[in-house]
Amino acid sequence: MAVAHKFARFLQRTRFLNKNYYTNENGCTRSFCTMIQQPKTLNIKRIGVISAAAGVLVGGTYAYYKIGKARKSIDLEGTQQETVLLKYKPPIPSSRRVISPIDTTGLKLTLFQYQTCPFCSKVRTVLDYYGISYDVVEVNPVLRKEIGWSPYKKVPILLTKVDEGYQPLNDSSMIISLIASHLYDKSYKVEDLANFYPNIGILDEEGNFKFEIINKYFLMFNNQLPKNRTINDITEERKWRKWADEVFVHVLSPNVYRTIDESYKTFRWFSDVGNWEEYFPLWERILVVNVGATAMWLIGKKLKKKHRLKNDVRQSLYDEANFWLRNIRARGTTFMGGNKPDLSDLAVYGVLKSIEGCDAFQDLRANTKIGDWYDAVKEQVDTHAGSMKLRN
Ligand SMILES: N[C@@H](CCC(=O)N[C@@H](CS)C(=O)NCC(=O)O)C(=O)O
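Calculation notes
Residues numbered from 1 in each chain as written. Predicted model: local features only at pLDDT ≥ 70, side-chain atom pairs only at ≥ 80, totals over all residues. Near = placed C-beta within 6 Å. Nonpolar A, V, L, I, M, F, W, Y, C, P; charged D, E, K, R; others polar. Pairing = 2+ DSSP bridges. Helix = DSSP H or I, 4+ residues; strand = E, 2+ residues; numbered from the N terminus. UniProt positions renumbered as here; feature names shortened; annotations may be inferred. Axes fitted to C-alpha atoms, helices over the stretch in contact; angles between N-to-C directions. Parallel < 35°, antiparallel > 145°, perpendicular 65-115°, else oblique. Left-handed = near helix turned anticlockwise from the far one by under 90°. Contact = placed C-beta atoms within 7 Å.

1. Section: the site of the ligand
Item 1. Neighbouring the ligand are Tyr114, Cys117, Phe119, Pro141, Lys154, Val155, Pro156, Asp171, Ser172 and Ser173.
Item 2. Of the residues belonging to the shell around the ligand, the class tally is 6 nonpolar, 2 polar and 2 charged.

2. Brief notes about the pairing of strand β9 (residues 199-203)
Item 1. Sheet analysis places strand β3 (residues 80-81) next to β9, joined by 2 bridges and oriented antiparallel. Bridged to Gln81 within β9 is Asn199.
Item 2. The sheet contact formed by β9 and strand β10 (residues 209-212) spans 4 bridges and is antiparallel. Bridged to Gly201 within β10 is Phe211.
Item 3. Connecting the antiparallel pair β9 and β10 is a turn made up of 5 residues, with Gly207 showing a positive phi of about 80°.

3. Topic: the UniProt feature "transmembrane region" (unreviewed entry) in the protein chain
Item 1. Following the UniProt record, one finds the feature "transmembrane region" (unreviewed entry) at residues 47-65.
Item 2. Between the end C-alpha atoms of residues 47-65 there is a gap of 26 Å, over a span that is 100% helix and 0% strand.

4. Side note on the packing of helix α3 (residues 118-129) against helix α4 (residues 172-184)
Item 1. Across the interface, α3 lies against α4 with an axial gap of 9 Å and an inter-helix angle of 10°. With respect to each other, α3 and α4 are oriented roughly parallel. Crossing angle aside, the handedness with which α3 passes α4 is left-handed. Contacts between α3 and α4 involve Phe119, Lys122, Val123 and Val126 from the first element and Ser172, Ile175, Ile176 and Ile179 from the second.

What follows is the structure, encoded as structure tokens:
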């Protein structure tokens, strides 16, 4: 009983009980307890206040973060991100070496890449066309530890041996413009040309801040046009290279990752053609194929919306390929560049080559006339036809 009493007093102290007094018929004052009934409105009020406070806190923090970010973006807009020259080569073993016996350029290049990345494929196409030898480092697309040394986290990265060390070149179109400018006049050193392609802070169409090489499609001719070239065809070449990056490349992903089965098939082909069995341990391969195929299938749907592709994404692929072919036909030549491929032919070919083993590529060949042009460029690239230009 005493224990019960003690407990009741304890509860009272803790305000769960309300103490009441009454006088009995003997004149003694007695007490009894009742439970305090919390008014419901108090709870609702309290929840309201807490929610409002939480809302203010979350909203305030978000606004503070957004304002901070916007302020930082405004500060950084127009500033230049320095590309750091490396004193030593990062100690990453090459996956393979592409040797061209006719290479006279003296360039020492290492390409950090994914074998099936369209941007990397573009760079390989240009190096192969000009008959330039290079080392390849196959980067694991999920873990990416092979480019851990680089502040730039995308591929391709072309590491170029220069007098003072190693110059990393980031962005496929800048790499191609720089290499083409160097081949045009070898007295322009790679490290000097790199300074002509500054990485500038800008806000993109969606208002997101990013660093971009604004003049990446421009070749550096130092006011002297190469033989047999006009301002008009240089401008056209630039326009179509841009189209390859900004339009054509965007129809690929939703096509090669169209269904989950197609996505798995694509990743299995990536694994084969990228020789992943040789370069990556089994657990990494399993991780990349499963995570990659599922993630890309989901991302493919978003990209389809973002780039406003047709419901039947194959049709968008055929439409763009036909648009390209119509424009070549209007010139009455085999290639966009005339009777030899120019950098825009190489760019579109490189982008397409990255999906060569996918169903989408076979469907494209079967449903459009792209095959004739594609095979003609392939022949030029595989025979290093561009190296002839270097000798003249
Ligand atoms: N503008 C860049 C785009 C490069 C790019 O987006 N590369 C993709 C691979 S296809 C990449 O590295 N994405 C980052 C990632 O895989 O995490 C270029 O032309 O090189």
